[in-house]
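Secondary and tertiary structure notes
Now for the letters of each chain:
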Amino acid sequence: MGRTAPRGHNGMKKKGEAGASKNYITRNQAIKKLQCTLGDFRRLCILKGIYPREPRNRKKANKGSSAPASFYYAKDIQYLLHEPVLDKLREHKAFAKKLSKAVGRGEWALAKNLEESKPVYRLDHIIKERYPTFVDSLRDLDDALSLIVLFACLPASQTVPASIIANCSRLAAEWQLYVMRTKSLRKVFLSIKGIYFQAEVQGQTITWLVPYMFTQNIPSDLDYRIMLTFLELYQTLLGFVFYKLYTDNNLVYPPKLDAALDENGAGIGALLLEEAGSKGLVVDRREEEEGETKEKKRVYAKDVRKQIHEIQQTGSKAEGGEEEEADSVAATFAGAQDDANLELDVFPTPSGADESDPTTMVVQPSSLSSSTDLFSPYYFYISREVTRPTLEFVIRSFGGRVGWDDVLGAGSPYKEDDPRITHHILDRPVLPASAASHPGKRAYVQPQWVVDCINRKTLLPTDEYKPGSVLPPHLSPFVDDDEVRQRGGYVPMEAEDGEDVEMGSEDEDDDDEEDLEEEEEEEESAPTKKASGKKGRPALLAAALDPSNDALRHAAELEAEGRGVAPAVFEAELAAESKKVKKDAAAAEKAKGPKKVSRSQEEQLASIMLTGKQKKLYNKMVYSKDRKAEETAKLQARKKEVEKRKKKDAGKVNL
């Protein structure tokens with residue numbers, strides 16, 4: 001038999017020993033039960049994922065008291081009693097007391113011994129508890145990456161040590177390096193808050209925010225203790241996740257760091273990837289200077305071409321010798337192709353895995369190959385006034401090659417006067433004087449061109465993105481235009497399919513102009529007929545105003561029978577009047593601007609039958625819907641005014 005609630009001697013339930021008062025516990029009660037401080041309690045709740053709960057009846061949960069309090073599940077607090085981190089926090093508290101006493105007494109040897117045996121806790125078991133599967137950890141990477149990148153941009157201080165900032169910078173660079181190698185980046189958006197990135201890793205979309213590299217005044221009232229607790233958890237989580245991602249792609253984690261390049265500001269280029277099971281380094285940069293030595297011996301395409309040229313010159317060999325030589329050349333060329341694939345971010349199958357098993361092969365889907373290799377044939381050069389880390393990460397994630405000015409850091413694979421450069425990224429109002437001396441053909445664009453090409457998944461014309469020109473609207477790729485359109489929101493014309501939408505709008509304008517001309521001709525030719533018709537057909541006009549009303553339609557049919565009009569003629573007259581009423585309403589709305597949406601009689605009658613709570617909710621829904629419709633109408637009217645103004649300005653320029 002199950003347990004029953006405690007009862008008194010008369011069979012009644014005791015107050016405060018069952019129900020909400022038993023299931024919930026206040027924060028002060030939880031601290032007393034755990035015998036810890038408020039700071040340690042907050043740290044435990046953050047690490048274990050325990051948060052306050054809202055009971056249905058706060059007075060019952062607080063045992064009849066109406067005092068304000070934060071409530072937690074009693075089972076969650078009971079679960080914290082067996083947490084190993086809590087024991088370590090208690091040990092650290094005792095250690096702090098002993099250390100302060102030793103320092104106060106001047107016992108430096110004892111203080112040094114205590115410092116060496118300082119209690120340290122680990123969060124490995126918490127990561128395993130909160131994320132049972134690897135997919136669960138990938139789903140929770142959004143906040144982790146955003147916080148890691150934020151701390152990587154902060155200056156060192158007494159509150160945030162330099163070691164924490166260096167570790168966050170390393171984790172952020174490792175994540176960018178993985179995204180570039182696997183070409184997992186999908187969307188980029190330049191917003192006021194910062195730069196939003198979205199990547200797709202093993203079927204999971206991961207979105208994170210990177211702040212701009214500006215000098216900002218950091219508020220002094222931030223609670224860094226809470227943020228550092230989250231950071232402690234996320235650093236441990238990212239360490240496990242990155243190890244799994246790198247090893248799945250047959251790479252050694254953590255990647256090696258070139259100290260010389262890192263000191264000179266090479267950024268991501270200072271990290272060198274190493275393939276598992278090999279002694280050589282897998283260099284991520286594709287551009288290598290001639291004569292540069294590598295730790296791993298490879299066969300290059302130029303060596304293959306040279307060998308083929310030598311075979312063509314020596315034509316005095318026997319057929320058997322030629323066949324053997326051709327086989328050796330084919331084998332050499334196959335090896336060169338393998339190295340080329342390695343350079344093109346195609347990862348080999350892990351050792352010991354079945355090559356026929358598709359789950360062991362790290363290959364991008366064929367549908368994404370065209371978009372992920374968007375910049376593969378092009379060479380980019382970043383000018384000194386452009387933010388290099390962001391653009392380098394974005395361009396290399398889509399297969400492009402990047403060079404930069406020496407002011408932005410060391411490690412650039414080519415210089416500004418390289419003839420291979422196809423796109424020169426500037427953020428200046430005019431072209432520099434040295435642009436005329438650049439060899440080859442290159443396009444000078446602003447940084448927004450790169451991001452817009454990625455979001456559109458195609459190479460856009462560079463004419464609108466020249467230095468000094470007014471840039472086109474930068475639309476968010478995270479907004480679903482179809483969903484916004486269904487909800488009655490405003491969708492800008494730039495979000496439509498370019499020329500088709502423009503042609504459609506022009507056709508609609510032409511149709512409207514033709515209809516207006518026809519109406520003007522009809523009005524000029526038969527003004528008396530129009531006036532007499534309105535007076536003689538009041539029921540028809542009423543039915544045209546409200547086509548869904550069956551009673552008005554029946555009255556219009558009776559009126560038509562009295563006038564001797566055939567049913568087919570009546571239907572044509574009703575359709576013409578309905579069309580005319582719609583055009584008049586549209587013209588009036590255009591003249592007066594956006595107006596409030598009026599509710600039908602059926603909706604008003606239905607709202608009367610609702611209860612008070614349902615009516616409040618319904619009114620809120622109606623208000624938000626009407627407000628969205630008004631905002632959409634205002635934006636559409638403003639768009640039309642801007643287009644008219646542009647046409648007038650263009651006409652003046654032509655004159």
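Residues numbered from 1 in each chain as written. Predicted model: local features only at pLDDT ≥ 70, side-chain atom pairs only at ≥ 80, totals over all residues. Heavy atoms only, no water.

1. With respect to the state of the cysteines
- Applying the stated criterion to the full structure yields zero disulfides.
- Free cysteine C36: the closest other cysteine sulfur is in C45, separated by 8.4 Å.
- Of all cysteine sulfurs, the one in C168 lies closest to C153, which takes part in no disulfide; the gap is 9.9 Å.
- A relative accessible area of 43% means that C153 is categorised as partly exposed. (Disulfide = S-S within 2.5 Å. Buried < 20%, exposed > 50% of the residue type's maximum accessible area, 1.4 Å probe, protein only.)

2. What about the packing of aromatic side chains?
- This model, assessed by the stated rule, comprises 17 aromatic pairs.
- Aromatic side chains W175 and W208 sit 5.5 Å apart centroid to centroid with 80° between the ring planes, which places their arrangement in the edge-to-face category. Here W175, found in helix α11 (residues 162-182), pairs with W208, found in strand β5 (residues 204-210); they are 33 residues apart in sequence, far enough to count as distant.
- For W175, a relative accessible area of 2% corresponds to the buried category.
- By relative accessible area, which is 2% here, W208 ends up buried.
- Taken together, the ring pairs in this structure connect W175, Y178, F197, W208, F242, Y246, Y253 and F393 into an aromatic cluster.
- Its end group placed over the ring of W404, R388 keeps NZ or CZ at 3.8 Å from the ring centre. (Phe/Tyr/Trp six-rings, centres within 6.5 Å; stacked < 30°, edge-to-face > 60°. Helix = DSSP H or I, 4+ residues; strand = E, 2+ residues; numbered from the N terminus. Lys NZ or Arg CZ within 6 Å of the ring centre and 35° of its normal.)

3. Considering the nonpolar core
- One finds W175, W208, F242 and F375 to be the most contacted residues of the largest nonpolar core, which totals 86 residues.
- Beyond its immediate stretch of four places on either side in the chain, W208 contacts D142, L145, S146, V149, W175, L185, I195, Y196, F197, Q198, A199 and F393.
- Membership of the second largest hydrophobic core comes to nine residues, among which are L540, A543, V565 and L574. (Core = buried A, V, L, I, M, F, W, Y, C linked by side-chain atoms within 4.5 Å. Contact = heavy atoms within 4.5 Å.)

4. Some details on the environment of E91
- Mapped onto the fold, E91 is located in helix α6 (residues 84-105).
- Separated by 28 residues in the primary sequence, E91 and P119 have C-alpha atoms spaced 6.6 Å apart.

5. Side note on the side chain of R186
- Checked against the element boundaries, R186 lands in strand β3 (residues 185-190).
- What makes R186 buried here is its relative accessible area of 15%.

6. Focus on the confidence of the model for the protein chain
- Counting all residues, the mean pLDDT for the protein chain is 76, and 72% of those residues have values of 70 or more.
- Looking over the protein chain, one finds the lowest element-wise mean pLDDT in helix α15 (residues 319-343), namely 42, and the highest in strand β4 (residues 195-201), namely 94.
- A low-confidence stretch, residues 498-535 (pLDDT under 50), is modelled with seven contacts involving residues beyond four sequence positions or located in other chains. (pLDDT = per-residue confidence, 0-100.)

7. Quick look at the pairing of strand β7 (residues 271-274)
- Of the two faces of β7, both are covered, the one formed by L271 and L273 as well as the one formed by L272 and E274.
- Across two bridges, strand β6 (residues 256-257) lies against β7 in antiparallel orientation. The residue bridging L257 from the neighbouring strand is L271, located in β7. (Pairing = 2+ DSSP bridges.)

8. Side note on helix α18 (residues 448-456)
- A large share of α18 lies buried, amounting to eight of its nine residues.
- Every buried residue of α18 is listed here: Q448, W449, V450, V451, D452, C453, I454 and N455.
- Buried residues along α18 sit in contact with β3, β9 (379-382), α17 (388-397), β11 (423-425) and β12 (443-445).
- Immediately downstream of α18, the backbone of K457 shows phi near 60°, a positive value.

9. Considerations on the sheet that holds β5
- Strand order in the open sheet formed by three strands is β3-β4-β5, with antiparallel pairing between adjacent strands. Each edge of the open sheet is held by one strand with a lone partner, namely β3 and β5. Across the sheet, the mean angle separating the axes of adjacent strands is 15° when strand polarity is ignored.
- Bridge count between β4 and β5: seven bridges; the pairing is antiparallel. Looking at the pairing, F197 lines up with W208 of β5.
- Packed onto the sheet, α11 meets β3, β4 and β5 and runs at close to 60° relative to β4. (Axes fitted to C-alpha atoms, helices over the stretch in contact; angles between N-to-C directions.)

10. Brief notes about the sheet that holds strand β10 (residues 401-404)
- With respect to topology, four strands assemble into an open sheet ordered β10-β9-β11-β12, the strand pairing being parallel. In the strand order of this sheet, the two ends are held by β10 and β12, each with one partner. Each neighbouring strand pair of the sheet contributes to a mean axis angle of 25°, computed without reference to strand direction.
- Of the pairings in the sheet, the one linking β9 to β11 comprises three bridges and is parallel in character. Paired with Y381 across the bridge in β11 is H424.
- Taken strand by strand, α17 contacts β9, β10 and β11, and its axis lies near 160° from that of β10.

11. Details of the pattern of salt bridges
- Considering all chains together, one arrives at 23 salt bridges under this definition.
- Residue R139 is joined to D136 by a salt bridge in which the shortest nitrogen-to-oxygen separation is 3.7 Å. Of this pair, R139 and D136 both sit in helix α9 (residues 134-139), three residues apart, which is roughly one turn of that helix.
- Using a relative accessible area of 55% as the deciding quantity, one classes R139 as exposed.
- Note on D136: relative accessible area 26%, which makes it partly exposed.
- The partner of D248 in a salt bridge is K244, with the nearest N and O atoms 3.6 Å apart. Here K244 and D248 lie together in helix α12 (residues 224-248), a separation of four residues that amounts to about one turn.
- A relative accessible area of 29% places D248 in the partly exposed class. (Salt bridge = Lys/Arg side-chain N within 4 Å of Asp/Glu carboxyl O.)

12. Examining the packing of α11 against α12
- Look at α11 against α12: their axes get within 11 Å of each other, and the N-to-C directions meet at 35°. Crossing geometry of α11 relative to α12 is assigned as left-handed. Across from I164, N167, C168, L171, E174, W175, L177 and Y178 in α11, the residues of α12 making contact are L228, L231, Q235, L238, F242, L245 and Y246.
- Of the residues in the contact of α11 with α12, the class split is twelve nonpolar, two polar and one charged. (Left-handed = near helix turned anticlockwise from the far one by under 90°. Nonpolar A, V, L, I, M, F, W, Y, C, P; charged D, E, K, R; others polar.)

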